[in-house]
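Each chain, letter by letter, is given below.
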Amino acid sequence: MTEPRTADQVSRDLEQERTELVTAVASVRNDLRETLMRQVPRLAAGGAGLLGLLAIRGLARRRSRKHQPAEVYRLGRFALVEHDD
């Protein structure tokens, strides 16, 4: 059987575990930061491309809506529309 540990031994073990944990967390943070920094140009290009596509889509929708009359009221297959003429 193992001998019971003293309070000083437990305190030293806890301090050693804390030190190892701090070192491990710092290492993970640095690895994550390096990985993200390598991906920033790719993420920025993807974001710019997505914004461009959304802008083009919005312009196309706006252009197609201009030529359609505005529907004011609908009852079944009948509709009251407002023309911009």
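What counts and how
Residues numbered from 1 in each chain as written. Predicted model: local features only at pLDDT ≥ 70, side-chain atom pairs only at ≥ 80, totals over all residues. Heavy atoms only, no water. Helix = DSSP H or I, 4+ residues; strand = E, 2+ residues; numbered from the N terminus. Buried < 20%, exposed > 50% of the residue type's maximum accessible area, 1.4 Å probe, protein only. Salt bridge = Lys/Arg side-chain N within 4 Å of Asp/Glu carboxyl O. pLDDT = per-residue confidence, 0-100. Pairing = 2+ DSSP bridges. Patch = residues over 30% accessible without salt bridge, like charges linked within 9 Å, V, L, I, M, F, W, Y side chains within 5 Å. Areas by Shrake-Rupley, 256 points an atom, 1.4 Å probe, with all protein chains shown as cover.

**Some remarks on the overall build of the protein**
Tallying secondary structure elements over the protein gives one helix and two strands in all. Counted from the first residue to the last, the protein has its helices and strands arranged as α-β-β. The buried share among the 85 residues of the protein stands at 0%.

**Quick look at the pattern of salt bridges**
Under the counting rule described, the total for this entry stands at two salt bridges. We note a salt bridge from Arg5 to Asp13, for which the minimum N-O separation is 2.4 Å. By relative accessible area, Arg5 is classed as exposed at 53%. The residue Glu15 makes a salt bridge to Arg18 at a minimum N-O spacing of 3.5 Å. Taken together, the positions of Glu15 and Arg18, both in helix H1 (residues 7-66) and three residues apart, correspond to about one turn of that helix.

**Observations concerning the confidence of the model for the protein**
Summarising the model, the protein shows a mean pLDDT of 86, and 88% of its residues fall at 70 or more. Per-element confidence in the protein is highest for H1, whose mean pLDDT is 89, and lowest for strand E1 (residues 70-75), whose mean pLDDT is 82.

**A short note on the pairing of E1**
Where a strand is regular, its side chains alternate between the two sheet faces. Of all six residues in E1, zero are buried; the element is thus mostly exposed. The pairing of E1 with strand E2 (residues 78-82) spans five bridges and is classified as antiparallel. Directly across from Tyr73, in E2, lies its bridge partner Leu80. Hairpin connection from E1 to E2: two residues lie between these consecutive antiparallel strands, with Gly76 at a positive phi of about 65°.

**Here's the deal with a nonpolar patch on the surface**
Taken together, Val72, Tyr73, Leu75 and Leu80 make up a surface patch of nonpolar side chains, about 440 Å² in accessible area. For the nonpolar patch, the element with the highest residue contribution is E1, accounting for three residues. For Leu75, the position within the fold is in strand E1. The class of Leu75 is exposed, set by a relative accessible area of 57%.

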